[in-house]
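Breakdown of the fold
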Amino acid sequence: MAQLLSALAAHALALVVYPGLLAAAVFGALVEGAWVRITQGGWSSPDFPRRRPTPVLATVIVCSILTDVQLAAPFNPVPSDERNLVVAAVALAFTVWAELALTVEHVAEPRLLLIVQFCWLLAVLGPAVQPESLRPQVLGNLLVPALLPVKLASATLYLLCLPALLRLWPFVPPGDRRVRRRLDAARALCWFPYCGLFTTLFFPPSGDDPSGLLRFFGITATVAIALVAAGVLMQRRGAVVARGLYLRVITPYALVVLLVVVITSVLLR
């Protein structure tokens, strides 16, 4: 009974405090606040509901904390053997599907966004094919030279997909879509899961010490800063350039990544 209560307390701590909802909210509020200030030239109040969460926000909250506890974050109360990459991938993927289903009028180019979503899933699951492991910490710790092409190709595809999944790059002219003028609470909760999962999958795990904690959040924050910079650049270039890039690049490059995964898997058997 004591072990059961201890496990429940550890999972509750992970889900609610760290690396769950509280950590994601703080990290996301900082990054999203910076994005709003840079792109809109001023600060606006958060777009949080006053009474109860909308269906989209409630879905994002649940999926976000499910993803957060799967990350190889230092001092994660959830044991590494209980973390699963599929849980993280499906939970994050469902945030996009929920938004498409419930607020499709706010999403530009839903078909293109779904293509990007499937390419992102390939980038997440591709490195797990040959090691045949679904533990995120194990995948990040694999530094076998033969697997480096898969990791590098998947990491590039992952980063290429993120601006679209976080709705940083425009797909249609601003006059043809609804523009949010406040901090987007749903997107704010997705910054930490997306960037933290990248750190988990493509970098060796950090130790459970202050330096490891600083390293993990340093890499995660660097990814977020790079995405903000890319988003600002593409906002200035315009929707036509952003849409053309995804139409001409994302699917062919995803096929190249798939080919690299298949070839690597065949050669290592």
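A brief structural summary. (Residues numbered from 1 in each chain as written. Predicted model: local features only at pLDDT ≥ 70, side-chain atom pairs only at ≥ 80, totals over all residues. Heavy atoms only, no water.)

**Comments concerning empty space enclosed by the protein**
Leftover empty space is mapped by rolling, across the atoms, a probe with the size of a water molecule. This structure, assessed with the given rule, holds three cavities of 30 Å³ or more. Reported here for the largest cavity is a volume of approximately 110 Å³. As for the largest cavity, its lining consists of 13 residues, and the residues nearest its centre are T95, E99, L165, R167 and C190. Secondary-structure elements contributing two or more residues to the lining of the largest cavity are α3 (55-68), α4 (85-102) and α8 (185-202). Split into classes, the residues belonging to the lining of the largest cavity amount to nine nonpolar, one polar and three charged. (1 Å grid on protein atoms, 1.4 Å probe; cavity = no way out; pocket = protein on both sides within 12 Å on 5 of 7 lines; lining within 4 Å. Points joined across faces, edges and corners; volume = space filled by probe spheres on them. Helix = DSSP H or I, 4+ residues; strand = E, 2+ residues; numbered from the N terminus. Nonpolar A, V, L, I, M, F, W, Y, C, P; charged D, E, K, R; others polar.)

**Overview of the packing of helix α7 (residues 148-165) against helix α10 (residues 239-267)**
Here α7 crosses α10 at 155°, and the two axes come no closer than 10 Å. By the angle between their directions, the pair α7 and α10 is classed as roughly antiparallel. Pair α7 / α10 crosses with left-handed handedness. Of α10, the residues touching α7 (which contributes P149, V150, A153, S154, T156, L157, L160, C161, P163 and A164) are Y246, V249, I250, Y253, A254, V257, V260, V261 and T264. For the contact of α7 with α10, a count of residues per class yields 16 nonpolar, three polar and no charged. (Axes fitted to C-alpha atoms, helices over the stretch in contact; angles between N-to-C directions. Parallel < 35°, antiparallel > 145°, perpendicular 65-115°, else oblique. Left-handed = near helix turned anticlockwise from the far one by under 90°. Contact = heavy atoms within 4.5 Å.)

**Brief notes about a nonpolar patch on the surface**
Taken together, L13, V16, V17, L22, V26 and L30 make up a surface patch of nonpolar side chains, about 530 Å² in accessible area. For the nonpolar patch, the secondary structure elements donating two or more residues are α1 (2-16) and α2 (21-40). Mapped onto the elements, L30 comes out in helix α2. On the basis of relative accessibility, which here comes to 62%, the residue L30 falls in the exposed class. (Patch = residues over 30% accessible without salt bridge, like charges linked within 9 Å, V, L, I, M, F, W, Y side chains within 5 Å. Areas by Shrake-Rupley, 256 points an atom, 1.4 Å probe, with all protein chains shown as cover. Salt bridge = Lys/Arg side-chain N within 4 Å of Asp/Glu carboxyl O. Buried < 20%, exposed > 50% of the residue type's maximum accessible area, 1.4 Å probe, protein only.)

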